[in-house]
Amino acid sequence: YFFSPQADFVWNIIDFTVVAIGVLDFICCLIGLFGNGKESPIFRLVRALRILRIFKIVRFLRQLYMLAYGFIAAGKAVFWVTILMVFLLYICSVILVWTLGPNS
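In this text the structure is predicted, and so the values were computed from the model without any measurement.

With respect to the overall build of the protein chain
No. 1: Broken down by element type, the protein chain carries four helices and zero strands.
No. 2: Taken from the N to the C terminus, the helices and strands of the protein chain come in the order α-α-α-α.
No. 3: Expressed as a percentage of the 104 residues in the protein chain, the buried residues total 10%.
No. 4: Restricting the contact set of the protein chain to residue pairs at least 6 apart, pairs at least 24 apart contribute 47%.
No. 5: Put simply, the protein chain shows about 8,900 Å² of open surface, and 77% of that area lies on carbon and sulfur atoms.

Have a look at this one:
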């Protein structure tokens, strides 16, 4: 478990830490240490860190990574096209107000 390549070793330590603190949280709830709705902030943080384990899967799925990167790049392009179209619409509206005017 601990004698694997360097990249896997880091993920193994993260997984071990998350699971160990989760077990500690479970034990504390069983003995009533954090009862009556009280929770330790560190346990809430560790629960949120469980999401980091998803990135471990993305590393193995190269196509999924490329797809996610493509969505991000497309989002940037759509943003700039939207800015360009708003600017173009504004220019057209100003020209139409000048040519047709309020007195027409």
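So, next bit.
Digging into the packing of aromatic side chains
No. 1: Taken as a whole, this structure holds one aromatic pair when the rule is applied.
No. 2: Relative to Trp80, the ring of Phe79 has its centre 5.0 Å away and its plane inclined at 70 degrees; by these criteria the two rings are edge-to-face.
No. 3: A relative accessible area of 46% means that Phe79 is categorised as partly exposed.
No. 4: Since its relative accessible area comes to 56%, Trp80 is described here as exposed.

Focus: the confidence of the model for the protein chain
No. 1: Summarising the model, the protein chain shows a mean pLDDT of 78, and 71% of its residues fall at 70 or more.
No. 2: The least confident element of the protein chain, judged by mean pLDDT, is helix H3 (residues 53-60) at 68; the most confident is helix H4 (residues 62-100) at 91.

With respect to a nonpolar patch on the surface
No. 1: A cluster of nonpolar side chains, namely Val19, Val23, Phe26, Ile27, Leu30 and Ile31, defines an oily patch on the protein surface of about 600 Å² accessible area.
No. 2: Inspection of the secondary structure puts Leu30 in helix H1 (residues 6-31).
No. 3: We classify Leu30 as exposed; its relative accessible area is 60%.

Side note on the environment of Asp25
No. 1: Here Asp25 shows up in helix H1.
No. 2: For Asp25, a relative accessible area of 7% gives the class buried.
No. 3: Separated by 19 residues in the primary sequence, Asp25 and Arg44 have C-alpha atoms spaced 9.4 Å apart.

Basis of the calculations
- Residues numbered from 1 in each chain as written.
- Predicted model: local features only at pLDDT ≥ 70, side-chain atom pairs only at ≥ 80, totals over all residues.
- Heavy atoms only, no water.
- Helix = DSSP H or I, 4+ residues; strand = E, 2+ residues; numbered from the N terminus.
- Buried < 20%, exposed > 50% of the residue type's maximum accessible area, 1.4 Å probe, protein only.
- Contact = heavy atoms within 4.5 Å.
- Areas by Shrake-Rupley, 256 points an atom, 1.4 Å probe, with all protein chains shown as cover.
- Phe/Tyr/Trp six-rings, centres within 6.5 Å; stacked < 30°, edge-to-face > 60°.
- pLDDT = per-residue confidence, 0-100.
- Patch = residues over 30% accessible without salt bridge, like charges linked within 9 Å, V, L, I, M, F, W, Y side chains within 5 Å.
- Salt bridge = Lys/Arg side-chain N within 4 Å of Asp/Glu carboxyl O.

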